[in-house]
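# Secondary and tertiary structure notes
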Amino acid sequence: MKPLISVIVPIYKVEKYLTICVDSLLRQSYGNLEIILVDDGSPDECPAICDQYQNKDNRIKVIHKKNGGLSDARNAGLDIAQGEYVAFVDSDDFIDEDYICKLYDALQQNRSSIAVCGIQIIDESNKVTEQICVTQDKKQELYTGREIIKKELQGEWVLVTAWGALYDAKIFKELRFPCGRHYEDEYVFVSVFENQECVVCIPENIYYYLQLSLIHI
């Protein structure tokens, strides 16, 4: 059997989008998943939606907690995650049905600790407004973690995000996201990548990032 992969979804005030997100996780071609839905004290129908999903699929675990912000929610998921690998998906986004499979296969083929994919930015009608690739050509590219950091410092790297990647869970054995900070992904970026011997970037843009119009923000 392929190893267990934990997918952590922090949830707050996204009742309009949550079912789209979770349904995309349940449709994954990679089956051995632990889907951790972290209700971060959401005041809408999200807690009830989470419980409904937990009751119909035993791969889903739900955490209900006081609101503590995105970092705190991700950390709560990491604290109970049992998978050999971990991924993060934001609750208003969704993923291609082969997202986990393609990232996992890339890890295995290259004996890598992190696999990264490109993204498609969508609007509220699910129309793709922009595509962001992490490779120059339509093939996999390999880097050391330090090379990735250098690309970021030189302005070449565009995805300083927790989502859009699959990680060896050992990376987060001690590492956690800083609570109470904006752009929390940037604070852990160096810690995540600096000691990695191999990071694989795949050419497919298979993470769908919802960008809300300013009128909704």
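Shown above is the structure to which this text applies.
Residues numbered from 1 in each chain as written. Predicted model: local features only at pLDDT ≥ 70, side-chain atom pairs only at ≥ 80, totals over all residues. Heavy atoms only, no water.

### A look at the packing of aromatic side chains
- This model, assessed by the stated rule, comprises twelve aromatic pairs.
- An angle of 65 degrees between the planes, with centres 6.0 Å apart, marks the rings of F88 and Y167 as edge-to-face. Highlighted residues: F88 in strand β4 (residues 85-88) and Y167 in strand β9 (residues 165-168), separated in sequence by 79 residues. Assigned by exposure class, F88 and Y167 land together as buried.
- When the ring of F172 is compared with that of F177, the centres are 5.9 Å apart and the planes differ by 25 degrees; the resulting orientation is stacked. The exposure classification of F172 matches that of F177, with both residues buried.
- Three or more aromatic residues link up through ring pairs in this structure, and these residues are F88, Y167, F172 and F177.
- The cationic tip of R74 hangs over the ring face of F88; the distance from NZ or CZ to the ring centre is 5.8 Å. (Phe/Tyr/Trp six-rings, centres within 6.5 Å; stacked < 30°, edge-to-face > 60°. Helix = DSSP H or I, 4+ residues; strand = E, 2+ residues; numbered from the N terminus. Buried < 20%, exposed > 50% of the residue type's maximum accessible area, 1.4 Å probe, protein only. Lys NZ or Arg CZ within 6 Å of the ring centre and 35° of its normal.)

### Side note on the packing of helix α5 (residues 145-153) against helix α6 (residues 184-193)
- Relative to each other, α5 and α6 sit at 150 degrees, their axes nearing to 8 Å. Residue-level contacts link G145, R146, I148, I149 and E152 of α5 to F189, V190 and F193 of α6.
- By residue class, the composition of the contact of α5 with α6 is five nonpolar, one polar and two charged. (Axes fitted to C-alpha atoms, helices over the stretch in contact; angles between N-to-C directions. Contact = heavy atoms within 4.5 Å. Nonpolar A, V, L, I, M, F, W, Y, C, P; charged D, E, K, R; others polar.)

### Some remarks on the pairing of strand β3 (residues 60-65)
- Across six bridges, strand β2 (residues 33-40) lies against β3 in parallel orientation. Counterpart to D40 in the pairing with β3 is K65.
- Remark: the β2/helix α2 (residues 46-56)/β3 crossover connection has right-handed handedness. (Pairing = 2+ DSSP bridges. Right-handed = clockwise from strand over helix to strand, strands pointing away.)

### What about the side chain of K151?
- Inspection of the secondary structure puts K151 in helix α5.
- Apart from the residues lying within four places of it in its own chain, the contact partners of K151 are Y143, E156 and W157.

### Concerning the pattern of salt bridges
- In total, this model carries nine salt bridges according to the counting rule given.
- K16 is the partner of E124 in a salt bridge, and the nearest nitrogen-oxygen pair spans 3.3 Å. With E124 in the loop between β6 (114-122) and β7 (128-132) and K16 in the loop between β1 (5-11) and α1 (18-26), the pair connects residues that are 108 residues apart, well separated along the chain.
- What makes E124 partly exposed here is its relative accessible area of 30%.
- In this structure K16 comes out as exposed when scored by relative accessible area, which is 59%.
- The structure contains a network of salt bridges with shared partners spanning D40, K65 and D72. (Salt bridge = Lys/Arg side-chain N within 4 Å of Asp/Glu carboxyl O.)

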